Amino acid sequence: MNFPLVMMSFGVGMLIGLTSMGGAALMAPFLILVLGVRPVTAVGTDLVYGAVTKIIGAWVHLRQDTVDLQVVRKLALGSVPGGLLGSLLVILLPHMTHDADKTVQRAIGGLLVLVAIILLARMIAFVPQAKLSPSRLRFLHEHGTIIWGAVVGFCVGATSVGSGSLLAPFLLMLYPSKTSKVVGTDVCHAAILVSVTGIAHATSGGVEWSLVPTLLAGSIPGVLLGSRLSVYIPSRPLRAGLATLLLLTGYRMI
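Note that the structure is a prediction, hence the values are computed from the model and not measured.

Cut-offs applied
Residues numbered from 1 in each chain as written. Predicted model: local features only at pLDDT ≥ 70, side-chain atom pairs only at ≥ 80, totals over all residues. Heavy atoms only, no water. Helix = DSSP H or I, 4+ residues; strand = E, 2+ residues; numbered from the N terminus. Buried < 20%, exposed > 50% of the residue type's maximum accessible area, 1.4 Å probe, protein only. Contact = heavy atoms within 4.5 Å. Areas by Shrake-Rupley, 256 points an atom, 1.4 Å probe, with all protein chains shown as cover. Lys, Arg positive; Asp, Glu negative; His and termini not counted. Charge placed at Lys NZ, Arg CZ, Asp CG, Glu CD. Phe/Tyr/Trp six-rings, centres within 6.5 Å; stacked < 30°, edge-to-face > 60°. Polar contact = N/O pair within 3.5 Å; in protein donor to acceptor, adjacent residues only side chain to side chain. Salt bridge = Lys/Arg side-chain N within 4 Å of Asp/Glu carboxyl O. Axes fitted to C-alpha atoms, helices over the stretch in contact; angles between N-to-C directions. Left-handed = near helix turned anticlockwise from the far one by under 90°. Nonpolar A, V, L, I, M, F, W, Y, C, P; charged D, E, K, R; others polar. pLDDT = per-residue confidence, 0-100.

A. Just the overall build of the protein chain, in detail. In terms of regular secondary structure, the protein chain is built from 10 helices and zero strands. Seen in sequence order, the protein chain has helices and strands lined up from the N terminus as α-α-α-α-α-α-α-α-α-α. Projected onto its principal axes, the C-alpha positions of the protein chain cover 50 × 45 × 35 Å. For the protein chain, the residues scored as buried account for 50% of the 254 residues in total. By sequence separation, contacts in the protein chain at least 24 residues apart represent 85% of the contacts at least 6 residues apart. Within the structure as shown, the protein chain displays about 12400 Å² of accessible surface, and the carbon and sulfur contribution to it stands at 68%. Measuring between centres, the 17 positive side-chain charges of the protein chain sit 10 Å from its 8 negative side-chain charges.

Spelled out as structure tokens, the structure:
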């Protein structure tokens, strides 16, 4: 067990617990820029690590009855095939180009910039319920949810980033409900998506298994402690700081 690595992952976990931001947006750059993990391998490692934490979170939300299983099903109908397609692309990319790692790193960087912009936009303005005609709203509830799930699934399978940050605004806009239910639905769907894509990467050998126990040993206590401290520490300044950090990190990775 690498103690410095445990402490660093503990710090990442603390930030996740304090801000409730997706772990992939923080862990993927950490693996690539700090630990020097190949981007292609970092995606799979991040997904396997994230699957454990998402499953734990989904179990808690299911017990609390804060999950809309019908919305989860619609999202998964699109996200699982999309996620497998994104995973397949990353798995085959080294056979298609000599710059596979650079391509994946740039894709992660571009998505981090997008995530940072979305986070900053959500802080500036509340996401309103979509004011659309009944027929268009019905289309978005049915086919639109599946289509957006497929887009998010592809992004997650290819970069490990976006399972929460790209879905939360969509859920808030089309399925207004208690925040706890939006979060629970998001986490439960992410548990399915990240597990499926993580398995896909694992079967191709795209996971640095030696890092997973160490990352979990540090980040899980960090998430638990950060979650407890979050009620005492204002999250808005932290979110603004982290969004700025993600913006700069994403720009550096592009």
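B. Region of the structure containing the packing of aromatic side chains. Considering all chains together, one arrives at one aromatic pair under this definition. Between the aromatic rings of Trp-148 and Phe-170, the centroid separation amounts to 6.4 Å while the plane-to-plane angle is 25 degrees, which identifies the pairing as stacked. Taken as a pair, Trp-148 in helix α6 (residues 134–159) and Phe-170 in helix α7 (residues 168–174) lie far apart in primary sequence, 22 residues in all.

C. Summary view of the side chain of Thr-45. One can find Thr-45 in helix α3 (residues 39–63). Note on Thr-45: relative accessible area 0%, which makes it buried. In this view, Thr-45 contacts Leu-31, Gly-206, Val-207, Glu-208, Val-212 and Leu-215; residues no more than four positions away in its chain are not counted.

D. How the structure looks around the side chain of Ser-9. As for its position among the elements, Ser-9 is in helix α1 (residues 3–19). Relative accessible area serves as the criterion here: at 0%, Ser-9 is assigned to the buried category. Here the side chain of Ser-9 touches Val-6 through a polar contact of 2.9 Å, landing on its backbone oxygen. Ser-9 has contacts with Phe-30, Thr-214, Leu-215, Gly-218 and Ser-219, leaving out every residue within four places of it along the chain.

E. A look at the pattern of salt bridges. Enumeration according to the criterion identifies two salt bridges in this entry. Lys-74 serves as the salt-bridge partner of Glu-142, at 3.6 Å between the closest nitrogen and oxygen. In this pair, Glu-142 sits in helix α6 while Lys-74 sits in helix α4 (residues 69–96), placing the two residues 68 residues apart along the sequence. Using a relative accessible area of 39% as the deciding quantity, one classes Glu-142 as partly exposed. Here Lys-74 falls in the buried class, since its relative accessible area comes to 7%.

F. Local environment of the packing of helix α2 (residues 23–34) against helix α5 (residues 100–124). The geometry of α2 relative to α5 is characterised by a closest axis approach of 11 Å and an angle of 145 degrees between their N-to-C directions. Crossing geometry of α2 relative to α5 is assigned as left-handed. Together, Ala-25, Ala-28, Pro-29 and Ile-32 of α2 and Gln-105, Ile-108 and Leu-112 of α5 make up the contact between the two elements. For the contact of α2 with α5, a count of residues per class yields six nonpolar, one polar and no charged.

G. How the structure looks around the confidence of the model for the protein chain. Model confidence for the protein chain is summarised by a mean pLDDT of 85, while 92% of its residues fall at 70 or above. At the low end of the mean pLDDT range in the protein chain sits α7, at 78; at the high end sits α4, at 94.

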